[in-house]
Amino acid sequence: VLLTIEPDGPVPIYQQIRDRIVEAIAGGGQPAGSGLPSTRQLAVDLGVNFHTVNKSYDILRQEGLLRISRKSGAVVQRDAGSGPPNPDWVPDWTGRLRTLLAEAAVQGMPAADIVRHCQAAMAGFAFPGEGPS
Amino acid sequence: MSAGSLAGILSVIVVGALCCVSPAMNRPTVQFGVRVPAGRTSAPVIGRQRRAYYARTAAIGVCCAVAALLLRGHGSWWLARIILLAEMAADLACFLIARKNIRDVKNGERWFAGLRQAVVTDTSWRADPPRFPVRWLIPAIAVLVATIVIGVLRYPHLPARLAVGPVGGPVGGTPGGAGRWVPKSVVTAFAVVAGQLYVTVLCTGMMILVYRSRPDLAVADSDAPGTSVSRYRRFLAALAKAMLSLVALVNLSLLLTALRKWQVYQLPGSGSALPLLPYAVGLIVLAVVALRAGQGGYRLRGTGPSQAAGAHGPGQAARTDRDDDRFWKAGLIYVNRDDPALVVGARFGVGWTLNLANPVAWLIVAGTTAVPAGLAVIAATAGM
């Protein structure tokens, strides 16, 4: 899977790495059980500080997406096929989604366009029962 | 013509030619050490500076080659080395002029303004790491072992005094040469083996470091997952094999030098340049492989999974490679404190370079210079 980050962009690098890995899991490129590079390797490959990658992996671990062990390194713990989400997680996500959609609304994007963008983004995700598109 | 002066003239010609053609190996997005956005690779200033660089370095190469040829009868073997140094300095000046002119236009026209600058990696690089071609090390080690075996067999039959001189150089105190006689000892007889060991260990060690380091990927080349990293894998394999072949041929060159020193054969005149031949062949092979592959293998065609969708996903703006000029001192030396990498792809030409902000890089530099210095001291105490 290609991971592209913008080191000089406005979004913190640890957040970008975390976001790109979540997208890679959703896209089917890193299914549950697949390995990710170690923090040191990914830091070298992206040319960023080792602690930055550590922070990203730590967030992913707290979100239940990554399992980190000394023996097998960083392994993807869950993906779309691993069952329904934790009920506690849903309201938190709905809140963030609401903010994101509100941004489009205040910029004047029609409701139909917002829905179309949502569908276009989801077309790249691998849902259980379907292959990666 | 003695072998020593032939080696000097050949070095002047080869270095001049390599410096002249180097810009042709570079990615279009890195010109004379200056990062260029994908949309600006055909800017007029780049074409002008490239043509000027080719013309200047070609003229320098021809002048230096003619000078080396004319002066071959005069002075000592080191005269060609001085011409070689002057040639390299002049070529470096041409590089810096082209770099400055392109950078001035780039900064003046703000080529990177408004562009999204990115770095890219492929997780498959670590999930399925490339394997170092250990088999290609066998010829180098075989030559090394053969040298030791022949040396041990010949040692009891050697005379009390041995001829020494530069590699491929004149032997036995010929006029104008550096060769002279030294008392026979294990150090004087087996100095060549130390040289072979050094070359083999140094080149193998550096290639292993390169195998563990990051792939030299460009955002501009990363059209689909897998393509650019598979290109880099093929580039790395080809260059490693060419490099290990060169090591074997250098060892062979040293073996031929040793055989002459051990009085197994003796060729007069230009024939004394025979030990140079394998080394020259190895260099040419490496140069051809590097030219055909291009920097980071950008000239190789991708064989990865072909996907119509771009790497950036739908609705996302195209990105360009990060403007990293500030980390490249003089456009050639990489110093980046924020980058934990030890080995990175070279900025000019094909190859790799060390991140000098990494303390381990200085350990490597110190080690690679301390070993030959130590060998020279041992040789000096042995009377060589």
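Just so it is clear, the structure is predicted and the values come from calculations on it, not from any experiment.

The rules behind the values
Residues numbered from 1 in each chain as written. Chains lettered and ligands numbered in written order. Predicted model: local features only at pLDDT ≥ 70, side-chain atom pairs only at ≥ 80, totals over all residues. Heavy atoms only, no water. Helix = DSSP H or I, 4+ residues; strand = E, 2+ residues; numbered from the N terminus. Expected span 1.5 Å × (residues − 1). Contact = heavy atoms within 4.5 Å. Polar contact = N/O pair within 3.5 Å; in protein donor to acceptor, adjacent residues only side chain to side chain. Pairing = 2+ DSSP bridges. Buried area = accessible area lost by both parts, 1.4 Å probe. Salt bridge = Lys/Arg side-chain N within 4 Å of Asp/Glu carboxyl O. Core = buried A, V, L, I, M, F, W, Y, C linked by side-chain atoms within 4.5 Å. Buried < 20%, exposed > 50% of the residue type's maximum accessible area, 1.4 Å probe, protein only.

All names here are of chain B. With 23 residues, helix α9 (residues 359–381) should cover 33 Å at 1.5 Å per step; its first-to-last C-alpha distance of 32 Å lies within 8% of that length. The inward-facing, buried residues of α9 abut α6 (186–212) and β10 (352–354). The backbone nitrogen of V360 lies 3.1 Å from a side-chain oxygen of the residue at the head of α9, namely N358. Looking one or two residues beyond α9, the residue adopting positive phi is G383, at roughly 90°.

What follows deals with the pairing of strand β3 (residues 66–69) of chain A. Of the strand pairs in this sheet, β3 of chain A and strand β4 (residues 73–76) of chain A are connected by four bridges, and their pairing is antiparallel. Looking at the pairing, I68 of chain A lines up with A74 of chain A of β4 of chain A.

Turning to the interface of chain A and chain B, a few remarks are in order. Between chain A and chain B, the residue contacts involve 21 residues of the former and 26 residues of the latter. Contact with chain B buries area across many residues of chain A, yet L2, E6 and D45 of chain A alone supply 32% of it, more than any other trio. At the boundary of chain A with chain B, the tally comes to five salt bridges. In this structure, D45 of chain A and R126 of chain B form a salt bridge, with 2.6 Å as the shortest nitrogen-oxygen distance. The interface formed by chain A and chain B contains eleven residue pairs in polar contact (both at pLDDT 80 or more). Of all elements in the fold, only β1 (2–5) and α2 (39–46) of chain A reach the threshold of two or more residues within the side of chain A that touches chain B.

Residues and elements named next belong to chain A. Examined bridge by bridge, strand β2 (residues 35–36) and β4 share two bridges and lie antiparallel to one another. Bridging across to β4, L36 finds its partner in A74. Hairpin geometry of β3 and β4 is characterised by an intervening segment of three residues between the two adjacent antiparallel strands.

Side chains that are nonpolar tend, in soluble globular proteins, to be buried together. Counting residues in hydrophobic clusters, the biggest one holds 26 residues, and the most contacted among them are M207, Y211, Y232, L236, L342 and L354 of chain B. The leading source of residues in this core is helix α7 (residues 227–261) of chain B, at seven residues.

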